[in-house]
Number of protein chains: 2
Amino acid sequence: MTTPRAIVVVTGTEVLGGWVADANGPWLARRLGALGVQHVSTVVVGDRPEDLRSALEHARDQGVELLITSGGLGPTEDDLTAQIVAEFTHRDFRLDEALEGRIWKIIEPMSKRWKGISQEAVREANRKQAMVPDGAAVLEPVGTAPGLVVPPTDDDPDRPPTPTVVVLPGPPPELQPMWATVETHPGLLAAIGGATSLHESTVRLFGLPESELANTMRDARAAGVAVDSFEITTCMRGGELEVVSRWTPEQEEAGRAFEAFLVERHGDAVFSPDGRTVDELVLDGLRERGWTVGTAESCTGGLLAGRLTRLPGSSDVVEGGIVSYSNAVKEQALGVDPALLAAHGAVSPEVAAAMAAGARERLGVDVAISTTGIAGPGGGTDDKPVGTVHVAVTGPEGTLSRHLRLPGDRARVRELTTTAALHLVRRVLAGEHDAA
Amino acid sequence: MTTPRAIVVVTGTEVLGGWVADANGPWLARRLGALGVQHVSTVVVGDRPEDLRSALEHARDQGVELLITSGGLGPTEDDLTAQIVAEFTHRDFRLDEALEGRIWKIIEPMSKRWKGISQEAVREANRKQAMVPDGAAVLEPVGTAPGLVVPPTDDDPDRPPTPTVVVLPGPPPELQPMWATVETHPGLLAAIGGATSLHESTVRLFGLPESELANTMRDARAAGVAVDSFEITTCMRGGELEVVSRWTPEQEEAGRAFEAFLVERHGDAVFSPDGRTVDELVLDGLRERGWTVGTAESCTGGLLAGRLTRLPGSSDVVEGGIVSYSNAVKEQALGVDPALLAAHGAVSPEVAAAMAAGARERLGVDVAISTTGIAGPGGGTDDKPVGTVHVAVTGPEGTLSRHLRLPGDRARVRELTTTAALHLVRRVLAGEHDAA
């Protein structure tokens, strides 16, 4: 059978205008891919009804099987998605009194805390959110707005048939849990027909340019690996290369052969054959070793500690850190020798090593990570241009250090330094250290 | 005259698939807004030529004056935007030899560093990037890819006329500088006709719910302020409310009156009438006072220091910080009394105050900021649920502290705490402190 196709329509003036980043288009793209649905396009429109209508019509005219909307389901007068979808699918738009009652149970306790809002206005908003196109299935609200699965309308040969329309709320904390219901909904399964749920597999590499992967693909093809028989997506992110493969059961052999080729060819660069992020690998590795960790940061200014504490449960292993932005703090809080700073400058392998050693001692941790560098835009010299960074990791078995020359602006240098530091910890956990 | 309208088409499988966030749609939205152009929609498509073609045709059928594409201008065979735009506008697609020579001057020095790539392949890629639709104006490359301004094609009454098409490269560091040339390009000015460059004004508020602003708008209207005569966009971000007004010279009086009404009504919540962010206000305020600053972070885990050091030049005032994630580090690095921790717990106003006092002394700074709280998902109790946070700022003139109950998940609690802490510094800089 042919691959079912979908178009996502995101509504919201604040998204279109660039005030809020669209989280739903990219998130739904991943979910559609995993369902084996070809995602044709994501269209972002504002709150003008005619623009939403035009986007729906264009999707219909492209003959897609599935149309997904996000947003425009709120209680206010400019939230018009459900009504426009009803018109678009030529269906009556009616109050669902049972649904009205269920929504009331959600909003009644909230409404008592609202001051200066009339009960009548609240009931009216309640009624508006309970209006449903004839024949549509209701997806129970996660917040206060219900979603909808509207089946295709193809009863009038004089009108173009409309595809299945899934109507979802805009806030990601509402949309994402609701999607779990959609994935197994009979209306969705009917729309995407025999779409096979694809296996998704992620391999992460560090320190390999994306261009090198093109060579690898060519060589794999020459070696008889059927790399063109399934879907491969690659993406560079913060110095890491993410290779995502998606395959059906029939394509699995080719997919596994490709991954084996990748690991064989780039064994040293492949750090995660199972999709775990470097953040997870580092925390898990520290737990396995029973080691605590702390930081001594200069150019990253706290971002490394912030990243180590990002995941829940990180307090198992993360004790804390010292942000030694000034030389005075490097000396006082980390015990870096002023003579060392004077002789080599703050951005030097000697100071990076002294910072890590100082943090290890002062914080009483097993592993200490230091960063010192020139993030820019100012502060660069011929000798040490912007992007010059030294990173060191000191653990119970020795020290591992790196001299980096990083590209990009201030934000990028700080981000890349943070990622590089985590990879250095990963190597230390694997037993690597500098020659004495 | 009527407002000119534009559609943005973003190409790239990695953007459509959610692997890379689209930076160009939102960025161009802001630029179009400032030019007085109505932005109808942003369409994201992958690398399938038929999907790009369909997006262009839909934009044409909506009758917009301006179509902007980003991406698909690279040297490889799946970069097809320029060719598809040539077909779409019914124009011949020809090699511009002078342009080929200018691109060669850019890539020749790079190509010497590429190993295993034949000179012939490089010359071919060079030629591909120098192909131009007949009659289009070339925008000189920022990277290696030139942009294009293709004028409307309306010479054949049997075909629908095509709008002006501006073709831009995908990478934001190339697109954004190239846009500066586009803004004053005769081809663009012809497309948007008499569009007036709009004045954009931003007011930022903290501690006001977005729903309250609806009341303010109603009251302003009742007081005779013409709030419907110009464009107002509002957006909640990290606990802050951003109100952006855009007006023409004729609308300026109404715009100014609205801003005055906003400041009069919500004077305490308005913290930035000139668009400066709280980050900028805090660093500027510290510089004015001649005060240095440092941090003592628990639940924010380094994010506050990371944010203070985000802006260039922050080393003027930021000395550093201590991330005291564990109680041991709170005691050793900040000198918090173990008896205090035992009596009140780490998440308490007493410990927040002791952390700030400890950081002020140990880091030798004028102002110290502390955060301690329960970011979740674990660690909450009936007494101190997830989202319970204490923040304290100690300066030369006293201490200011807050007990917060924040909504959301771990990432949101950490982000909102960071923002709230900066606002507390802002108040300290204005002379506020707790009663003794």
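Residues numbered from 1 in each chain as written. Chains lettered and ligands numbered in written order. Predicted model: local features only at pLDDT ≥ 70, side-chain atom pairs only at ≥ 80, totals over all residues. Heavy atoms only, no water.

1. Brief notes about the sheet that holds strand 3 (residues 66-70) of chain B
Logical step 1: Spatial ordering of the open sheet is given by 6(A)-7(A)-8(A)-3(A)-1(A)-2(A)-2(B)-1(B)-3(B)-8(B)-7(B)-6(B), a layout of twelve strands whose pairing is mixed. At either margin of the open sheet sits one strand with a lone partner, and together these are strand 6 (137-139) of chain A together with strand 6 (137-139) of chain B. Each strand axis lies, on average, 15 degrees off the axis of its neighbour in the sheet, ignoring direction. (Pairing = 2+ DSSP bridges. Helix = DSSP H or I, 4+ residues; strand = E, 2+ residues; numbered from the N terminus. Axes fitted to C-alpha atoms, helices over the stretch in contact; angles between N-to-C directions.)

2. Some remarks on helix 10 (residues 252-265) of chain B
Residue and element names in this part refer to chain B.
Logical step 1: Here helix 10 spans 20 Å end to end across 14 residues, near enough to the 20 Å set by a 1.5 Å rise per residue.
Logical step 2: Taken as a whole, helix 10 has its buried residues at Ala 254, Gly 255, Phe 258, Glu 259, Phe 261 and Leu 262. End-on, the buried residues of helix 10 take up no more than an arc of 155 degrees, which puts them together on one face. More than 90 degrees from the buried face of helix 10, the exposed residues found are Glu 253 and Glu 264. (Expected span 1.5 Å × (residues − 1). Buried < 20%, exposed > 50% of the residue type's maximum accessible area, 1.4 Å probe, protein only. Arc of directions from axis to C-beta.)

3. Looking at the relation of the copies chain B and chain A
Logical step 1: For the pair chain B and chain A, the relating rotation is 180 degrees, the translation along its axis is 0.1 Å, and the fit reaches an RMSD of 0.2 Å. Overall, the copies show the geometry of a two-fold rotation axis. (Least-squares fit on C-alpha atoms with pLDDT ≥ 70 in both.)

4. Points about the sheet that holds strand 12 (residues 270-272) of chain B
Residue and element names in this part refer to chain B.
Logical step 1: The four strands are arranged 10-11-9-12 in an open sheet whose pairing can be described as antiparallel. Only two strands of the sheet have a single partner each, and these edge strands are strand 10 (231-237) and strand 12. Neighbouring strand axes in the sheet, compared pairwise and without regard to direction, differ in orientation by 30 degrees on average.
Logical step 2: When strand 10 meets strand 11 (residues 240-247), the two strands line up antiparallel, connected through seven bridges. Paired with Met 236 across the bridge in strand 11 is Leu 241.
Logical step 3: Sitting on the sheet, helix 16 (residues 410-429) is in contact with strand 9 (199-206), strand 11 and strand 12, with an inclination near 95 degrees to strand 9. (Contact = heavy atoms within 4.5 Å.)

5. A few points about the interface of chain B and chain A
Quoted interface sizes are often the accessible area lost when the parts come together.
Logical step 1: Counting from both sides, the interface comprises 58 residues of chain B and, opposite them, 58 residues of chain A.
Logical step 2: Between chain B and chain A lies a buried interface of about 4400 Å² when both sides are counted; carbon and sulfur atoms form 57% of it.
Logical step 3: Viewed at the interface, chain A and chain B are joined by zero salt bridges.
Logical step 4: In this assembly, chain B and chain A are joined by 25 residue pairs in polar contact (both at pLDDT 80 or more).
Logical step 5: Counting residues per element, the side of chain B that touches chain A draws most heavily on strand 2 (residues 38-45) of chain B, at eight residues.
Logical step 6: In terms of residue class, the side of chain B that touches chain A is made up of 24 nonpolar, 22 polar and twelve charged. (Buried area = accessible area lost by both parts, 1.4 Å probe. Salt bridge = Lys/Arg side-chain N within 4 Å of Asp/Glu carboxyl O. Polar contact = N/O pair within 3.5 Å; in protein donor to acceptor, adjacent residues only side chain to side chain. Nonpolar A, V, L, I, M, F, W, Y, C, P; charged D, E, K, R; others polar.)

6. Here we look at the domain arrangement of chain A
Logical step 1: According to the domain assignment, chain A consists of domain 1 (5-192), domain 2 (199-272) and domain 3 (279-429).
Logical step 2: A C-alpha centroid distance of 47 Å is found between domain 1 of chain A and domain 3 of chain A. (Domains from an automatic or database assignment.)

7. A short note on a negative patch on the surface
Residues and elements named next belong to chain A.
Logical step 1: Residues Glu 14, Asp 47, Glu 77 and Asp 78 make up a contiguous surface patch of negative charge.
Logical step 2: Locating Glu 77 in the fold gives a position in the loop between strand 3 (66-70) and helix 4 (81-88).
Logical step 3: The exposed category is assigned to Glu 77, whose relative accessible area is 76%. (Patch = residues over 30% accessible without salt bridge, like charges linked within 9 Å, V, L, I, M, F, W, Y side chains within 5 Å. Areas by Shrake-Rupley, 256 points an atom, 1.4 Å probe, with all protein chains shown as cover. Lys, Arg positive; Asp, Glu negative; His and termini not counted. Charge placed at Lys NZ, Arg CZ, Asp CG, Glu CD.)

8. Some points on the environment of Val 244 of chain B
Logical step 1: Within the fold, Val 244 of chain B resides in strand 11.
Logical step 2: Taking relative accessible area as the criterion, Val 244 of chain B reaches 1% and is therefore assigned buried.
Logical step 3: When the C-alpha atoms of Val 244 of chain B and Glu 397 of chain B are compared, they prove to be 35 Å apart, with 153 residues separating the residues in sequence.
Logical step 4: Once residues within four sequence positions are removed from consideration, Val 244 of chain B is found in contact with Trp 19 of chain A together with Glu 200, Ser 201, Thr 202, Glu 231, Ile 232 and Thr 233 of chain B.

9. Some remarks on the side chain of Arg 60 of chain B
Logical step 1: In this fold, Arg 60 of chain B is placed in helix 3 (residues 49-61).
Logical step 2: Excluding anything up to four places from it in sequence, Arg 60 of chain B contacts Phe 88, Pro 160, Pro 161, Thr 162 and Pro 163 of chain B.

10. Observations concerning the packing of aromatic side chains
Residue and element names in this part refer to chain A.
Logical step 1: Tallying each qualifying case throughout the model produces four aromatic pairs over all chains.
Logical step 2: Their ring planes at 80 degrees and their centres at 6.1 Å tell us that Phe 230 and Trp 247 sit as a pair that is edge-to-face. On the criterion of sequence distance, the pair formed by Phe 230 in the loop between helix 9 (210-222) and strand 10 (231-237) and Trp 247 in strand 11 (residues 240-247) is long-range, its members being 17 residues apart.
Logical step 3: A residue is classified by how much of its surface remains accessible, and Phe 230, at 8% relative accessible area, is buried.
Logical step 4: With relative accessibility at 1%, the residue Trp 247 sits in the buried group.
Logical step 5: An aromatic cluster is built from Phe 230, Trp 247 and Phe 258, whose rings are joined through pairwise contacts.
Logical step 6: If you follow Arg 123 out to its NZ or CZ, it ends over the ring of Trp 104, 4.0 Å from the centre. (Phe/Tyr/Trp six-rings, centres within 6.5 Å; stacked < 30°, edge-to-face > 60°. Lys NZ or Arg CZ within 6 Å of the ring centre and 35° of its normal.)

11. A short note on the packing of helix 3 of chain B against helix 4 (residues 81-88) of chain B
Two measures define how a pair of helices packs: the angle their axes make with one another and the distance between the axes.
Residues and elements named next belong to chain B.
Logical step 1: It is at 10 Å that the axes of helix 3 and helix 4 come closest, and there the two elements cross at 45 degrees. Our classification of the angle between helix 3 and helix 4 gives oblique. Once helix 3 is placed against helix 4, the crossing between them reads as right-handed. Contact residues: helix 3 offers Pro 49, Leu 52, Arg 53, Leu 56, Glu 57 and Arg 60, while helix 4 offers Thr 81, Ile 84, Val 85, Glu 87 and Phe 88.
Logical step 2: Class assignment for the residues of the contact of helix 3 with helix 4 results in six nonpolar, one polar and four charged. (Parallel < 35°, antiparallel > 145°, perpendicular 65-115°, else oblique. Left-handed = near helix turned anticlockwise from the far one by under 90°.)

12. Some thoughts on the environment of Pro 177 of chain A
Residues and elements named next belong to chain A.
Logical step 1: Note that Pro 177 resides in helix 7 (residues 172-183).
Logical step 2: On a C-alpha basis, the gap between Pro 177 and Val 165 in space is 18 Å, while along the polypeptide they are twelve residues apart.
Logical step 3: Not counting residues within four places of it along the chain, the set of residues in contact with Pro 177 comprises Val 142 and Pro 172.

13. Observations concerning the pattern of salt bridges
Residues and elements named next belong to chain A.
Logical step 1: The tally for this structure, following the rule as stated, stands at 50 salt bridges over all chains.
Logical step 2: Ionic pairing is found between Glu 231 and Arg 246, a salt bridge with its closest N-O pair at 3.1 Å. Taken together, the positions of Glu 231 in strand 10 and Arg 246 in strand 11 put the pair 15 residues apart, joining distant regions of the chain.
Logical step 3: Here Arg 246 falls in the buried class, since its relative accessible area comes to 6%.

14. Focus on the pairing of strand 14 (residues 318-324) of chain A
Logical step 1: Most of strand 14 of chain A is tucked away, with seven of its seven residues classed as buried.
Logical step 2: The pairing of strand 13 (residues 293-297) of chain A with strand 14 of chain A spans five bridges and is classified as parallel. Its bridge partner lying in strand 14 of chain A, Gly 294 of chain A is registered against Gly 320 of chain A.
Logical step 3: One crossover worth recording links strand 13 of chain A to the parallel strand 14 of chain A by way of helix 12 (residues 303-308) of chain A, and it is right-handed.
Logical step 4: One ladder, built from five bridges, connects strand 14 of chain A with strand 14 (residues 318-324) of chain B; its direction is antiparallel. Each bridged residue has a counterpart across the sheet, and for Ile 322 of chain A the counterpart in strand 14 of chain B is Ile 322 of chain B. (Right-handed = clockwise from strand over helix to strand, strands pointing away.)

15. Considerations on the packing of helix 11 (residues 278-289) of chain B against helix 16 of chain B
Residues and elements named next belong to chain B.
Logical step 1: Here helix 11 crosses helix 16 at 35 degrees, and the two axes come no closer than 9 Å. Helix 11 and helix 16 meet at a crossing whose hand is left-handed. Residues Val 278, Asp 279, Leu 281, Val 282, Gly 285, Leu 286 and Arg 289 of helix 11 form the contact with helix 16, whose participating residues are Leu 422, His 423, Val 425, Arg 426, Val 428 and Leu 429.

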